[in-house]
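Results of the structural survey
Spelled out, the chains give:
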Amino acid sequence: MKEYNLKAERASRRFKDFVKYTKPDYQFNWHHESICEKLQAFARGEIKKLMLFVPPQHGKSELATRRLPAYMLGLNPNQKIAICSYSATIASSFNRDIQRVIDDQPYIDVFPETTLNANSAINPSKNTFLRNSETFEIIGHQGFVKTVGVGGSLTGTPVDIGIIDDPFKDREEAMSNTIREKVYNWYTDVFCTRLHNDSQQLIIMTRWHQDDLAGRILITDNDWEVITYQAIKERETKGDPRQFGEALWPVKHSLERLLKIKQDTPITFDSLYQQEPKANKETLVFPEWYEIDDMPNHPQQFGIDFGFPTGIVEVMWHNKNLYLNEILYDTTNPTNVEIKNALTERKINIARPFVCD
């Protein structure tokens, strides 16, 4: 009995021990322990904004989206937590999973003061604490967990902890400029408006596109701590003990299997498994191209894309060769006057024809 209580006490003080105590069958690899350390710092408020880029099926959601909210509510049952995913159905499944963790006896051993309504309560009353598949409240406290799909409403919900787990369903969504724009607008217009000065944000995802939600945020915000794990180590990363070419979790995802994915779907592998979304020859209209030192002296035209980011390109066509030169790549949404000034600074004649989109 003494040893049992000691384990529960340790679980209340250390997130890694909490995971082991409440889910004894969880298989820890070195990267899980590293993630637990970062999530522990997040739970203590030492990290305010954290991004985790991890390959699929490598244990990120179990730690960050299911166990962490339960742990943080144990530490502080007054925490107001919002969890968002690409669909309301997936978000609700996270909600139910967290409820199961809190209802389980090991959790009660660790955090006996954090409890839920014994029965489902769809509509709250004076003496009833809400509990359904979208929201649950902590009995006798102000804390709650509310889950919504990306694009859903958080109106009237002040948030201390905002968690976004995979804002895109699949590649098709992430490749759509319209959907990427909707996701980012939802993040700025809905999600962020529910935050306050002391709020924390946690984004867990695999990278699909350079301009996905994480990519868009990191262009303008430099106060995020970003933790990245590649399925196969191809670059030096702080805290990664592997040699180059080693798999992240070979017991579950062997190097042989990962190399087969890389061979069969290189674009998916670079983005989803390596967290490095980048242009691939398979996606280019003109895959066979090379760089030159200077543009030749041929008749030129210019094209402007007023989207995000704003781009201007110089184009030449001569003897069946196409020459392209990036003039401007601006992520600050410049005004027409600012675009004009940028062209003037580069000594480009703005009186000549431009192809605009």
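Residues numbered from 1 in each chain as written. Predicted model: local features only at pLDDT ≥ 70, side-chain atom pairs only at ≥ 80, totals over all residues. Heavy atoms only, no water.

1. Quick look at the overall build of the protein chain
Scanning the protein chain from terminus to terminus reveals twelve helices and eleven strands. With 357 residues in all, the protein chain has 46% of them scored as buried. Residue pairs in contact within the protein chain that sit at least 24 positions apart in sequence constitute 64% of those at least 6 positions apart. Carbon and sulfur atoms provide 48% of the accessible area of the protein chain, an area that totals close to 19,300 Å². (Helix = DSSP H or I, 4+ residues; strand = E, 2+ residues; numbered from the N terminus. Buried < 20%, exposed > 50% of the residue type's maximum accessible area, 1.4 Å probe, protein only. Contact = heavy atoms within 4.5 Å. Areas by Shrake-Rupley, 256 points an atom, 1.4 Å probe, with all protein chains shown as cover.)

2. As for the environment of arginine 194
Within the secondary structure, arginine 194 sits in the loop between helix 8 (177-191) and strand 6 (195-205). We classify arginine 194 as partly exposed; its relative accessible area is 25%. Note: C-alpha distance between arginine 194 and glycine 162 (32 residues apart in sequence) is 8.8 Å.

3. Concerning the sheet that holds strand 5 (residues 159-165)
The seven strands lie next to each other as 3-4-2-5-6-1-7, forming an open sheet whose pairing is mixed. The open sheet is flanked by strand 3 (135-137) and strand 7 (225-228), the only strands paired with a single partner. Averaged over all neighbouring strand pairs, the angle between strand axes comes to 15°, with direction disregarded. One ladder, built from four bridges, connects strand 1 (residues 49-53) with strand 7; its direction is parallel. In the strand pairing of strand 7, phenylalanine 53 is matched with threonine 228. Seen against the sheet, helix 9 (residues 213-220) touches strand 1, strand 5, strand 6 and strand 7 and runs at an angle of roughly 140° to strand 1. (Pairing = 2+ DSSP bridges. Axes fitted to C-alpha atoms, helices over the stretch in contact; angles between N-to-C directions.)

4. Considering helix 8
When the terminal C-alpha atoms of helix 8 are compared, their 20 Å separation across 15 residues agrees well with the 21 Å that a helix rising 1.5 Å per residue should span. In this fold, the buried residues of helix 8 make contact with strand 2 (80-85), strand 4 (144-149), strand 5, helix 7 (171-175), strand 6 and helix 9. (Expected span 1.5 Å × (residues − 1).)

5. Observations regarding the pattern of salt bridges
The full count for this structure, using the stated rule, is 19 salt bridges. Of the charged contacts, one joins glutamate 9 and arginine 13 as a salt bridge, the two residues approaching to 3.2 Å between their closest N and O atoms. Taken as a pair, glutamate 9 and arginine 13 lie in helix 1 (residues 2-13) at a separation of four residues, close to a single helical turn. The closest approach of N and O atoms between glutamate 225 and lysine 38, which form a salt bridge, is 2.5 Å. Placement of the pair is glutamate 225 in strand 7 and lysine 38 in helix 3 (residues 30-43), with a sequence separation of 187 residues. (Salt bridge = Lys/Arg side-chain N within 4 Å of Asp/Glu carboxyl O.)

6. Thoughts on a nonpolar patch on the surface
Together, Trp317, Leu322 and Leu324 make up a nonpolar patch on the protein surface, roughly 340 Å² of accessible area in all. Tracing the sequence through the fold places tryptophan 317 in strand 9 (residues 310-318). Judged by its relative accessible area of 56%, tryptophan 317 falls in the exposed class. (Patch = residues over 30% accessible without salt bridge, like charges linked within 9 Å, V, L, I, M, F, W, Y side chains within 5 Å.)

7. With respect to the packing of aromatic side chains
Enumeration according to the criterion identifies 13 aromatic pairs in this entry. An angle of 55° between the planes, with centres 5.1 Å apart, marks the rings of phenylalanine 18 and tyrosine 71 as tilted. With phenylalanine 18 in helix 2 (residues 15-22) and tyrosine 71 in helix 4 (residues 60-75), this residue pair connects regions lying 53 residues apart in the sequence. Residues phenylalanine 18 and tyrosine 71 agree in their burial class; the two are buried. Grouped by ring-pair contacts, the aromatic residues Phe15, Phe18, Tyr71, Tyr107 and Phe111 constitute a single cluster. Sitting above the plane of the phenylalanine 28 ring, lysine 20 keeps its charged end 5.4 Å from the centroid. In this arrangement the basic side chain of lysine 233 is found over the ring face of phenylalanine 244, its NZ or CZ atom lying 5.5 Å from the centre. (Phe/Tyr/Trp six-rings, centres within 6.5 Å; stacked < 30°, edge-to-face > 60°. Lys NZ or Arg CZ within 6 Å of the ring centre and 35° of its normal.)

8. What about the layout of surface pockets?
Take a probe with the size of a water molecule and roll it over the atoms, and the empty space left behind shows itself. In this structure, the second largest pocket spans a volume of roughly 270 Å³. Taken together, the elements giving at least two residues each to the lining of the second largest pocket come down to helix 4 and helix 5 (88-103). Tallied by class, residues from the lining of the second largest pocket come to seven nonpolar, seven polar and five charged. (1 Å grid on protein atoms, 1.4 Å probe; cavity = no way out; pocket = protein on both sides within 12 Å on 5 of 7 lines; lining within 4 Å. Points joined across faces, edges and corners; volume = space filled by probe spheres on them. Nonpolar A, V, L, I, M, F, W, Y, C, P; charged D, E, K, R; others polar.)

9. Considering the packing of helix 3 against helix 4
Running from N to C, helix 3 and helix 4 cross one another at 40°; their axes reach a closest spacing of 11 Å. Note that helix 3 runs across helix 4; the crossing there is right-handed. On helix 4, the residues touching His32, Ile35, Cys36, Leu39, Gln40, Phe42 and Ala43 of helix 3 are Leu63, Ala64, Leu68, Tyr71, Met72 and Leu75. Across the contact of helix 3 with helix 4, the residue classes tally to eleven nonpolar, two polar and no charged. (Left-handed = near helix turned anticlockwise from the far one by under 90°.)

10. Notes on the side chain of serine 61
Counting through the fold element by element, serine 61 comes out in helix 4. According to the relative accessible area criterion, serine 61 is buried, its value standing at 15%. A distance of 2.7 Å separates polar atoms of two side chains, one belonging to serine 61 and the other to aspartate 165. Ignoring sequence-local partners within four residues, the contact set of serine 61 consists of Arg66, Phe94 and Asp165. (Polar contact = N/O pair within 3.5 Å; in protein donor to acceptor, adjacent residues only side chain to side chain.)

11. Regarding the nonpolar core
The biggest cluster of nonpolar side chains holds 44 residues, and the ones touching the most others in it are Phe18, Leu39, Leu52 and Leu202. It is helix 4 that provides the largest number of residues to this core, a total of seven residues. In this structure leucine 202 touches Leu39, Phe42, Leu50, Leu52, Ala64, Leu68, Gly162, Ile163 and Ile164, once residues within four positions along its chain are discounted. Membership of the second largest hydrophobic core comes to 31 residues, among which are Val159, Phe191, Ala214 and Ile261. (Core = buried A, V, L, I, M, F, W, Y, C linked by side-chain atoms within 4.5 Å.)

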